[in-house]
Amino acid sequence: MFFRMITGAFRRQWKKMLMIALTVALGASIATAMLNVMLDVGDKINEELKAYGSNITVVPNSQAVMSDLYAVEETETKDEFLKEETLGEFLTIFWANNITDFAPVLDTSVNVNGNDIQLIGTWFDHHFEFKKKGTVYQRDTGIINLRSWWDITDGKWMDEAKLSGDQYAMTGRKTADMLGVSAGDRITVKSSKGTEELEIVGIFESGDDEEDCIFTTLSVAQRLSGAEGKYKKAEVSAITSPDDELAVKAAKNPDLLSGDEYDLWYCTAYVSSICFQIQEAIPEASARAVRQIADSEGKILEKTELLMALITLMSLIGATLGISNLVTSSVMERSAELALMKAVGAKNGQITFLVLTEIVLTSILGAAAGYFMGYAFAQVIGQSVFSSAIEMSGMAAFLVMVLIIAVTLVGSIPAVRMILRLRPSEVLHGGH
Amino acid sequence: MNKKQRMFLRMVLASLLRRRSRMIVALLAIVVGATILSGLGLIYYDVPRQMSAQFRSYGANVILTPSDDSYMNSISIKNAVSVFPSDKLEGYTPYRYENSKLNNLPVTLAGTDFSSVLKTSPYWHISGDLPDGNGKTLVGKKLAEKFGLTVGDGFSMLNSFQITDNTDTSALPDYEIYTDPKTGEKFCDHTLDLKVSGILETGGSEEDYIYVTLDDLSDLMLSERGCDIVEVSVAAREDELKSYLDEINKRSDTLSAKPVKRVTASESTVLSKLESLVLIVTAVVLALTMICVATTMMAVIAERRREIGLRKALGALDSSIVIEFLSEGLVLGAAGGIIGSVLGYLFADAVSMNVFSSSITFRPLLIPVAIIASVTVTGLACLIPIRSAVDVDPALVLKGE
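Visitor: Sorry if this is basic, but what is going on with the overall build of chain B here?
Guide: Secondary structure summary: chain B contains 12 helices and 11 strands in total. A compact globule built from 401 residues should have a C-alpha radius of gyration of about 21 Å, whereas chain B, at 36 Å, is more than 25% larger. Per-residue burial for chain B yields a buried fraction of 49% across its 401 residues. Here the contacts in chain B between residues at least 6 apart in sequence split such that 82% fall between residues at least 24 apart. Carbon and sulfur atoms make up 58% of the accessible area of chain B, which amounts to about 18,700 Å² in all.

Encoded structure:
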């Protein structure tokens, strides 16, 4: 009988039920889209912030520099290097997948046509392979992604895979003007250790000191500075979590953390824990957070996430109010029907159960449809803003379901109770 | 005519007042819609300004450098900086660099204005305090490690002048002149005593410098000269910034202004993404909310088919029924729009205070937009069910089919 009444209601009142389902679906799609975008926006913005370049620099340990300094007082500071093999260690640390790009840097001063110029050897767009304990790590990386603000005004970015040999260079606008060269020209670069003939692939504008430099491949710079197989500094760009109290505490001294705190810190992608892991992997190096980038990233991320959370909250409140509003009104509308049921002897509990079953079933159908609509909206947002898919979280789906059922119940129970409190004769008479 | 208008007014008002619970349902739906419209609208318009201010945490986005080999004096700096509107200018910091010696090792000294330095470099991590006057110094972390300096330590910087025949010795009457035994060049030593008030950590080249006040640096170098570089932080977008810089470069022939491309270019990349994110989120949520408002309105009106049938049976014209229902809808739409824009403003302001700790800019234009939008949506939503009710034979409607 109960089943027949329910199916009967759906068959006869399908228009009203459809209206409820449609409203619920709209609300659910807002909730789904917003929750998923909100949960994913941190990662997306974090990737965008990589435009600012590296947030970690790795240099030789300062202890080594110090001992050197005191041994050779009064002379020029001797250069310290890291071995090229150590670059592979970036790919072996716990948070290796968060390291989006890295590039070694080796600078030396050279002479071109009588002008003293700073020459920087690095990776541009480099395919890097590293073998350790039978595992092969691979990564395409270099400064092409670490210098997003460079404008190539002549020629193009250096593509290391397509060029044969290594005698190529990119120069800053200022250097190019000073030397009177353009893309395709060759320059002769001299240093105390040797001479190299370099072809200029591209000329860039960067708006900083790097415009005064010549950028070339790492191997050329190594030969010119007599530091074969070595580099001076590495720039690392990593996706990090904003610093919080734990990270600040850890940054002072990781040894002061309790065991649980240490584990949590180590397994969170704080800039300090990534630096710590790099130093663990390369004992002779010191990894430092570039405060300008790392701190600002944290701030921007925090603000964006909070903003999105509040917009989501606003949309959720709107969606739930809309749903509960409609549910209440649709129950009120059925006062005559409910009163009639009561008049023919139905118990309050039975009527409430019947109405709730109808409405909750409708809502669940609506919510399911809304979830897929919301999925589509989230992907539209992801593709049009970030050109990448929004990751759908299971938590959001669960949350939307619970929210919709709760809202439906909250919207209908008071209305049903109100109607049942009235005397059937009054309702049927139409007096209220 | 007058009587007819009065009756019309009474019918609309009575309908709104008598059917209170239904009307509250409809009004609530419109208020929710209008609140979301005006709230998200305000946030969308204010996000670029507020976010741009957040991006200032990346520090200076403009640098001023001398256009020739001379230095910039404070008057030309002030003139240049006055081009930026004062509400957009976060701050500017002059720097003068000199080489000096500490423990006989060469170090670079930077003279600056400590009162504004954190405005152009908000990312400086200082353990200890920022120097608050002359005789105090901020030491880069690397140098501090190298020389074993900690907060509170005192040290003295040494400046050895080479004295040539051209040197005006009257400017340095109190100093002892000595001759280098190897080369025969004449020198005089001048020292400056400093106390470490803070250690600076940035992860960048700043850690290799010792920062002192401009006065102290002039004292040590025995010369007052202008600055090598001025860092400026301006809360402006790339294209807007460019127009200011063009203005400065046009006005001044002693200094040139350049954008810090790393900061400005990256900022516009990220900011434009953020803007389009808020825009599309606003659009999606608004569209869905408006449909939601419409369905609720349709449900509320559809409920009154019986009433429409009765009126038609009593001889009311289709047009008068449509006009009456529409007016009811419009009154509701307008009321909902007004309440919604106030609530939306309150909500947007709360969001802005929470996220950016600054109040939102009120845009009066959004009130008429919210009202017009809610009136339009309500009107359209009413029209569909009324038309279908009006088109049906009254007998069928009254019978409940």
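Visitor: Got a minute to help me understand the environment of A:Glu261 in this structure?
Guide: All names here are of chain A. In this structure, glutamate 261 sits in helix H7 (residues 259-266). As for glutamate 261 and leucine 246, which are separated by 15 residues in sequence, their C-alpha atoms are 7.6 Å apart. For glutamate 261, the side chain forms a polar contact with the main-chain nitrogen of serine 258, separated by 3.1 Å.

Visitor: What exactly am I supposed to notice about the pairing of strand S10 (residues 229-234) of chain B here?
Guide: Along a regular strand, successive side chains alternate from one face of the sheet to the other. Residue and element names in this part refer to chain B. Among the six residues in S10, five count as buried, and that is most of the element. Bridge count between strand S2 (residues 89-102) and S10: six bridges; the pairing is antiparallel. Along S10, the bridge assignment pairs threonine 93 with glutamate 231.

Visitor: Help me understand a nonpolar patch on the surface, please; the structure alone is not making it clear to me.
Guide: On the surface, B:Ile338, B:Ile339, B:Val342, B:Leu343 and B:Leu346 cluster together into a nonpolar patch covering about 420 Å² of accessible area. Here B:Ile339 shows up in helix H10 (residues 318-356).

Visitor: Explain helix H5 (residues 218-225) of chain A to me, please; I cannot follow it from the model alone.
Guide: An α-helical turn contains 3.6 residues, so any two residues separated by three or four positions project in the same direction. All names here are of chain A. Burial analysis of H5 places six of its eight residues in the buried class, the great majority of the element. What H5 keeps buried is the set Leu218, Val220, Ala221, Gln222, Leu224 and Ser225. Where H5 is buried, its residues touch strand S3 (99-112), strand S4 (115-122), strand S9 (186-191), strand S10 (194-205), strand S11 (213-217) and strand S12 (230-231). Looking at the residues trailing H5, positive phi occurs at glycine 226, about 65°.

Visitor: How should a negative patch on the surface be read in this particular structure?
Guide: Residue and element names in this part refer to chain A. A surface patch of negative charge is lined by Asp43, Glu47, Glu302, Glu305 and Glu391. Counting residues per element, the ones that place at least two in the negative patch are helix H2 (14-49) and helix H9 (291-333). With respect to the secondary-structure elements, glutamate 305 resides in helix H9. Judged by its relative accessible area of 35%, glutamate 305 falls in the partly exposed class.

Visitor: Just checking my understanding: could you explain the interface of chain A and chain B for this structure?
Guide: Interfaces are often sized by the amount of accessible area the parts lose when they come together. Between chain A and chain B, the contact holds 63 residues from the first and 62 residues from the second. Across the interface of chain A and chain B, roughly 6,000 Å² is buried in total on both sides, 70% from carbon and sulfur atoms. The tally of links from chain A across to chain B stands at four salt bridges. The shortest N-O distance in the salt bridge between A:Asp151 and B:Lys261 comes to 2.7 Å. Between chain A and chain B we count 14 residue pairs in polar contact (both at pLDDT 80 or more) in total.

Visitor: Which parts of the structure should I look at to understand the nonpolar core?
Guide: Burial of nonpolar side chains together is a common tendency in soluble globular proteins. Ranked by size, the top nonpolar core spans 76 residues in total, and within it A:Leu49, A:Leu307, B:Phe55 and B:Leu277 carry the most contacts. Counting residues per element, the ones that place at least two in this core are H2, H9 and helix H11 (348-386) of chain A together with helix H2 (20-54), helix H8 (261-302), H10 and helix H11 (366-391) of chain B. Sorting elements by how many residues they give to this core places H8(B) first, with 19 residues. Discounting residues that sit within four places of it in the chain, B:Phe55 has contacts with A:Leu49, A:Tyr52, A:Ile300, B:Glu267, B:Val270, B:Leu271 and B:Leu274. Within the second largest apolar cluster, 48 residues are counted, among which are A:Ala96, A:Ile99, A:Val189 and A:Ala294.

Visitor: Sorry, what's going on with the confidence of the model for chain B here?
Guide: Keep in mind that low pLDDT regions are not for reading the predicted coordinates in detail. On average, chain B scores 84 in pLDDT, and the residues at 70 or more come to 94%. Complex prediction metrics read pTM 0.82 and ipTM 0.81.

Visitor: Even after reading the chapter, I still don't get the pattern of salt bridges, so can you show me in this structure?
Guide: For side chains bearing opposite charge, pairing can occur when the charged atoms are close. On inspection of all chains with the given rule, the structure shows 32 salt bridges over all chains. Among the ionic pairs, A:Arg147 bridges to A:Glu210, the shortest N-O distance being 2.9 Å. Taken together, the residues span a long stretch of sequence, with A:Arg147 in the loop between strand S6 (135-141) and strand S7 (151-155) and A:Glu210 in the loop between S10 and S11 at a distance of 63 residues. In this structure, the salt-bridge partner of A:Glu235 is A:Arg147, at a minimum N-O distance of 3.0 Å. One end of the pair, A:Glu235, is in strand S13 (residues 233-238); the other, A:Arg147, is in the loop between S6 and S7, with 88 residues separating them in the sequence. Judged by its relative accessible area of 8%, A:Glu235 is buried. Overlapping salt bridges, with partners in common, bring together B:Arg96, B:Glu98, B:Arg225 and B:Asp228 in one network.

Visitor: What's the story with the packing of H2(A) against H11(A) in this structure? I'm lost.
Guide: Two quantities define a packed helix pair, namely the angle between the axes and the distance from one axis to the other. Residues and elements named next belong to chain A. Contact geometry of H2 with H11 gives a least axis separation of 5 Å together with a crossing angle of 35°. Crossing handedness for the pair H2 and H11: right-handed. Tallied by class, the residues present in the contact of H2 with H11 amount to 20 nonpolar, seven polar and three charged.

What counts, and at which threshold
Residues numbered from 1 in each chain as written. Chains lettered and ligands numbered in written order. Predicted model: local features only at pLDDT ≥ 70, side-chain atom pairs only at ≥ 80, totals over all residues. Heavy atoms only, no water. Helix = DSSP H or I, 4+ residues; strand = E, 2+ residues; numbered from the N terminus. Rg over C-alpha atoms; globule rule 2.2 N^0.38 Å. Buried < 20%, exposed > 50% of the residue type's maximum accessible area, 1.4 Å probe, protein only. Contact = heavy atoms within 4.5 Å. Areas by Shrake-Rupley, 256 points an atom, 1.4 Å probe, with all protein chains shown as cover. Polar contact = N/O pair within 3.5 Å; in protein donor to acceptor, adjacent residues only side chain to side chain. Pairing = 2+ DSSP bridges. Patch = residues over 30% accessible without salt bridge, like charges linked within 9 Å, V, L, I, M, F, W, Y side chains within 5 Å. Salt bridge = Lys/Arg side-chain N within 4 Å of Asp/Glu carboxyl O. Lys, Arg positive; Asp, Glu negative; His and termini not counted. Charge placed at Lys NZ, Arg CZ, Asp CG, Glu CD. Buried area = accessible area lost by both parts, 1.4 Å probe. Core = buried A, V, L, I, M, F, W, Y, C linked by side-chain atoms within 4.5 Å. pLDDT = per-residue confidence, 0-100. Axes fitted to C-alpha atoms, helices over the stretch in contact; angles between N-to-C directions. Left-handed = near helix turned anticlockwise from the far one by under 90°. Nonpolar A, V, L, I, M, F, W, Y, C, P; charged D, E, K, R; others polar.

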